[in-house]
Amino acid sequence: MSTHTPTARRSVSRAAAPASATVATETARPDRKQAILLAAEKLFAQHGYHVVTIRQIAEEAGVPLALVGYYYGQKHELFHAIFEHWGHSIEARLAGLAAVNVDPDDTRTLPRIIEAFTAPVLALRASAEGEYYALLVARELYHATEEADRVLRSYFDPLAEAYIDALHLALPHATRSQAAWGYQFALGSLLHHLNDSRIERLSRGENTRADPAVAPMLVSFIVGGLRAALPRPKAPKTPRTRTIPRRQKT
């Protein structure tokens, strides 16, 4: 009597295998976890958080569908895991800010603050490993969604607070609320540069999207805007003393 299972029965048994068995087999391959994170980052950046499904992420990563949930849970948890993974990029921007000697009387202070704010992000956007993350930040976080707001509060609000405080110290004649507006305008310029592709058409093919070579120009633009919007008050003029000539005696 043969002990081999017929082909048809073998295929049925394989199809009926629980997802947990597939997951248990795959857990021996830690590269799959990273592949899922990178696939989610790419698809969220290209199409948006709400459009992308877990199944599409699994297909992009080349892993079983059940493995996505095994490693990351629900989709919003996977979304947060991306920003947790890139937390070091926020730390780099805070470290760059901490290295600036904030002296309001030094004309180099404001450009240094803005360079610390923009340079790490532009470097990420220009790199192969950070391109989709930078694009995800630029495209997705400023949609009014619950997931985006959670990420902003957890990861980006502390960064914003630190830079607003630095701008307020560098521009002490302005109020902190005005410095907060200045930060938002600076952020808008940076995000548009990261996300925009129209520049290629408008420049008639001479410019490329998110070109890191224009970083100094972006810094100068933001600094010029801040100084124009929040100018130092002019020192009051010292009144001239008029000397009345004495009349000569005749």
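Since we're looking at a predicted model, the values are computed, not measured.

Student: Explanation requested: the overall build of the protein chain in the structure shown.
Tutor: What the protein chain contains, in helices and strands, is 13 helices and zero strands. When the helices and strands of the protein chain are read in sequence order from the N terminus, they spell out α-α-α-α-α-α-α-α-α-α-α-α-α. The contacts of the protein chain with a sequence gap of at least 6 include a subset with a gap of at least 24, amounting to 69%. As displayed, the protein chain has an accessible area near 16000 Å², and 54% of this comes from carbon and sulfur atoms.

Student: Please clarify how the environment of R176 should be interpreted in this entry.
Tutor: Take R176: it is sitting in helix α11 (residues 176-195). On the basis of relative accessibility, which here comes to 31%, the residue R176 falls in the partly exposed class. Residues R176 and D165 lie eleven residues apart in sequence; the distance between their C-alpha atoms is 7.4 Å. Leaving out residues up to four positions away in the same chain, R176 has contacts with E161, I164, D165 and H168.

Student: What is the right way to look at the side chain of H193 in this model?
Tutor: Structurally, H193 is set in helix α11. Those residues in contact with H193, other than ones at most four positions away along the chain, are L122, A210, D211, V214 and L218.

Student: Would you explain unusual backbone geometry in this entry?
Tutor: The bulk of non-glycine residues show a negative phi, and the bulk of peptide bonds are trans. Unusually for a residue other than glycine, R204 sits at a positive phi of about 60°. Looking at where R204 falls in the secondary structure, it is placed in the loop between α12 (198-202) and α13 (215-229). On the basis of relative accessibility, which here comes to 77%, the residue R204 falls in the exposed class. The phi dihedral of A210 is positive, around 50°, even though this residue is not glycine. Relative to the helices and strands, A210 is located in the loop between α12 and α13.

Student: So what exactly am I meant to see when it comes to the pattern of salt bridges here?
Tutor: Pairs may arise between side chains of opposite charge once their charged atoms sit close together. Summed over the entire model, instances satisfying the criterion amount to eight salt bridges. Of the charged contacts in the structure, one is a salt bridge between E60 and K42, with a shortest N-O distance of 3.3 Å. Here E60 is found in helix α4 (residues 54-61), whereas its partner K42 is found in helix α3 (residues 31-47), with 18 residues between them in sequence. On the basis of relative accessible area, K42 is assigned to the partly exposed category, the value being 24%. Through salt bridges with shared partners, a single ionic network connects E161, D165 and R176.

Student: Where do I start with helix α9 (residues 131-140) in this structure?
Tutor: Working note: α-helix, 3.6 residues per turn, so residues spaced by three or four point in the same direction. Counting buried positions over the ten residues of α9 gives seven, a clear majority of the element. Among the residues of α9, those classed as buried are Y133, A134, L135, L136, V137, A138 and E140. Tucked into the core, α9 has its buried residues touching α3, α6 (75-85), α7 (87-98), α8 (109-126), α10 (146-170) and α11.

Student: Looking at this structure, I do not really get the confidence of the model for the protein chain. What am I missing?
Tutor: A low pLDDT means the predicted coordinates there should not be read in detail. Averaged over all residues, the pLDDT of the protein chain equals 87, while 83% of them reach at least 70. Element-level mean pLDDT values for the protein chain span from 37 in helix α1 (residues 7-15) up to 98 in α13. The model gives residues 1-19 a pLDDT under 50, and that stretch makes two contacts with residues more than four places away or in other chains.

Student: Just to check I follow, could you spell out the packing of aromatic side chains for this structure?
Tutor: Think of a pair of aromatic rings as described by two things: how far the centres are apart, and how the planes are tilted against each other in angle. As enumerated under the stated definition, the model contains 13 aromatic pairs in all. Each ring, one from Y70 and one from Y71, has its centre 5.3 Å from the other, and the planes form 70°; the classification is edge-to-face. Judged by centre distance (5.0 Å) and plane angle (15°), the ring pair of W86 and Y133 falls under stacked. Residue W86 is found in the loop between α6 and α7, and its partner Y133 is found in helix α9; the two are separated by 47 residues along the sequence. Assigned by exposure class, W86 and Y133 land together as buried. Each member of the aromatic cluster is reached from another via a ring pair, and the members are F44, Y49, F79, F83, W86, Y133, Y155 and F156. In this structure, K75 is placed above the aromatic ring of Y49, and the distance from its NZ or CZ to the ring centre is 4.5 Å.

Scoring rules and cut-offs
- Residues numbered from 1 in each chain as written.
- Predicted model: local features only at pLDDT ≥ 70, side-chain atom pairs only at ≥ 80, totals over all residues.
- Heavy atoms only, no water.
- Helix = DSSP H or I, 4+ residues; strand = E, 2+ residues; numbered from the N terminus.
- Contact = heavy atoms within 4.5 Å.
- Areas by Shrake-Rupley, 256 points an atom, 1.4 Å probe, with all protein chains shown as cover.
- Buried < 20%, exposed > 50% of the residue type's maximum accessible area, 1.4 Å probe, protein only.
- Salt bridge = Lys/Arg side-chain N within 4 Å of Asp/Glu carboxyl O.
- pLDDT = per-residue confidence, 0-100.
- Phe/Tyr/Trp six-rings, centres within 6.5 Å; stacked < 30°, edge-to-face > 60°.
- Lys NZ or Arg CZ within 6 Å of the ring centre and 35° of its normal.

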